[in-house]
Amino acid sequence: VVPAVGAAWRYSLALVQSTAATPPVTLLNLTWSGNQFSVTFLSQSGASYTLEYKNSISDSAWSSLTPVAGNGGLLTLTDQAANVPLPLYRVQGQ
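Note that the structure is a prediction, hence the values are computed from the model and not measured.

**Observations regarding unusual backbone geometry**
Item 1. The phi torsion at Asn29 lies on the positive side, around 50°, for a residue other than glycine.
Item 2. Position of Asn29 among the secondary structure elements: in strand β3 (residues 27–33).
Item 3. Of the residues examined, Asn29 reaches a relative accessible area of 55% and is grouped as exposed.

Quick look at the structure:
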């Protein structure tokens, strides 16, 4: 289930959830600065979120960063080593 999608000049992002029973999600502050990408969104307590990326649309697998626990408030996930010109991102929520 993909409840939210965001895109901008140098990146794209989808919020992916494993169940359909989730409230709508608003992606905030999608930011690309130097070699760092970050996204902020309202998280759910008890959920876990992982920022995943692919270096190109043709890559078959996503690479995962460290999972972060939801806190019921705004949560920011960051890739501090984004080093390709057009990476694709998604947030995996569980």
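**Some points on the confidence of the model for the chain**
Item 1. For the chain, mean pLDDT is 80; residues scoring 70 or higher make up 73% of the total.
Item 2. Taken element by element, the chain is modelled with least confidence in strand β1 (residues 4–7), mean pLDDT 66, and with most confidence in strand β7 (residues 68–69), mean pLDDT 94.

**Observations concerning the pattern of salt bridges**
Item 1. Within the structure shown, the criterion is met by 1 salt bridge.
Item 2. In this structure, the salt-bridge partner of Glu52 is Arg90, at a minimum N-O distance of 2.5 Å. With a gap of 38 residues between them, Glu52 in strand β5 (residues 48–54) and Arg90 in strand β9 (residues 88–93) connect regions that are remote in the sequence.
Item 3. For Glu52, a relative accessible area of 9% translates into the label buried.

Reading the values: rules and limits
Residues numbered from 1 in each chain as written. Predicted model: local features only at pLDDT ≥ 70, side-chain atom pairs only at ≥ 80, totals over all residues. Heavy atoms only, no water. Helix = DSSP H or I, 4+ residues; strand = E, 2+ residues; numbered from the N terminus. Buried < 20%, exposed > 50% of the residue type's maximum accessible area, 1.4 Å probe, protein only. pLDDT = per-residue confidence, 0-100. Salt bridge = Lys/Arg side-chain N within 4 Å of Asp/Glu carboxyl O.

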